[in-house]
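Residues per chain, in single letters:
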Amino acid sequence: MTPPGARKSGGPPHKAGGNGRDTAVDNLAAQSAVAEDAAKRAAEIAAADRHFRGNWLFVRSVPSLEFLPDADRPEVAFAGRSNVGKSTLINALVDQHGLARASNTPGRTQELNFFRPSLTQEPFYLVDMPGYGYAKAPKSMVEAWTLLIKDYLRGRATLARTFLLIDARHGIKTVDQGIMDLLDGAAVSFQIVLTKADKLTPLALERTIAATQELIVTHPAAMPTVLATSSEKKQGLAELRAAVIAATRRGPA
Ligand SMILES: Nc1nc2c(ncn2[C@@H]2O[C@H](COP(=O)(O)OP(=O)(O)OP(=O)(O)O)[C@@H](O)[C@H]2O)c(=O)[nH]1
Ligand SMILES: [Mg+2]
């Protein structure tokens, strides 16, 4: 089975024509570039893992923007439809069961929850967000969450990247498109993370990744790579940790 994780389109460039020797030299150069890329990637993943080790701490719950912590470090947010698996994915990333509160019932997370690593040279926040698109909650509550989500996403100066979670079984929905448009408009870089990859066959997952990649090309703020994860099977987590660390180093989008 092909493990879920980062997928990049394309491979080493293929050069048409030329004599046999040139082609052999080109092939060697391409192979060594691929090996170099793979080594660099492995080093990034190992470095990111180190940043996630150790105890993680809950910082605060933010019911409205005036309660945000000082904007003194980069942060990354986990956004997505209600029940997509945001809180569970944060727990899997930090390998700490119960840090973020997850539940079978949609609408579990109702505020912006800030977490920070206790041991790291470079401080940053992970932010667990309330889900959007939960039709069964009372209208006034849905409106309040939606406003909080939108105001935070478009207004937070230290938001380095939003990880936009999409249930691998359902793909991108209209309500997700609305959030992607908002992020484009605010020039906040975002990356699509498919969740619950364990619920799909490897072939179906490949197809969903390809379809999702096609859908995001028109979004200027989208990172081109779609990540696939399963919190349940602990798949795709190392790649996501590396993406989080890369985002926090680039600073605000
Ligand atoms: N099979 C499977 N189930 C998952 C996975 N991740 C989350 N779930 C389940 O999905 C449900 C919702 O998970 P949450 O993490 O609470 O989802 P959320 O996006 O934080 O939900 P809200 O806070 O309500 O917006 C729970 O029953 C989880 O156990 C996964 O990788 N695989
Ligand atoms: Mg949640």
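Residues numbered from 1 in each chain as written. Chains lettered and ligands numbered in written order. Predicted model: local features only at pLDDT ≥ 70, side-chain atom pairs only at ≥ 80, totals over all residues.

(A) Region of interest: the overall build of the protein chain. The helix and strand inventory of the protein chain stands at six helices and seven strands. Reading the protein chain from its N terminus to its C terminus gives the helix and strand order α-β-β-α-β-β-α-β-α-β-α-β-α. Here the C-alpha atoms of the protein chain give a radius of gyration of 19 Å, agreeing with the 18 Å that 2.2 N^0.38 yields for 253 residues. With the C-alpha coordinates of the protein chain rotated into their principal frame, the extents come out at 70 × 40 × 35 Å. The 253 residues of the protein chain split such that 35% are buried. When contacts within the protein chain are restricted to residue pairs at least 6 apart in sequence, those whose partners lie at least 24 apart make up 75%. (Helix = DSSP H or I, 4+ residues; strand = E, 2+ residues; numbered from the N terminus. Rg over C-alpha atoms; globule rule 2.2 N^0.38 Å. Buried ≥ 20, exposed ≤ 12 C-beta atoms within 10 Å, placed from the backbone. Contact = placed C-beta atoms within 7 Å.)

(B) Molecular detail of the sheet that holds strand β2 (residues 75-80). As summarised here, the arrangement of the seven strands in space is β1-β3-β4-β2-β5-β6-β7, forming an open sheet in which the pairing is mixed. The open sheet terminates on both sides in strands that have one partner only, identified here as β1 (56-62) and β7 (227-228). Sheet analysis places strand β6 (residues 190-195) next to β7, joined by two bridges and oriented parallel. Within β7, the position partnered with Val193 by the bridge is Leu227. In this fold helix α4 (residues 174-186) packs onto β2, β5 (159-167) and β6, with an angle of close to 165 degrees to the strand it touches most, β5. (Pairing = 2+ DSSP bridges. Axes fitted to C-alpha atoms, helices over the stretch in contact; angles between N-to-C directions.)

(C) Up close: α4. Its 13 residues place the ends of α4 19 Å apart at the C-alpha level, agreeing with the 18 Å of an ideal helix rising 1.5 Å per residue. Among the residues making up α4, those that are buried are Asp176, Ile179, Met180 and Leu183. Seen along its axis, α4 keeps its buried residues to an arc of 100 degrees; they face one direction. For α4, the exposed residues set more than 90 degrees away from the buried face come down to Thr174, Gln177, Asp181 and Gly185. Those residues of α4 hidden inside the fold are in contact with β2, α3 (139-155), β5 and β6. Two residues or fewer past α4, Ala187 is found with a positive phi of approximately 55 degrees. (Expected span 1.5 Å × (residues − 1). Arc of directions from axis to C-beta.)

(D) Region of interest: unusual backbone geometry. At Asn83, a position not held by glycine, the phi torsion is positive, near 75 degrees. Among the secondary structure elements, Asn83 is positioned in the loop between β2 and α2 (86-94). Overall, the presence of 21 C-beta atoms within 10 Å leaves Asn83 in the buried class. One non-glycine residue with positive phi stands out, namely Ala187, at about 55 degrees. Here Ala187 lies in the loop between α4 and β6.

The values are spatial; any link to function lies outside them.
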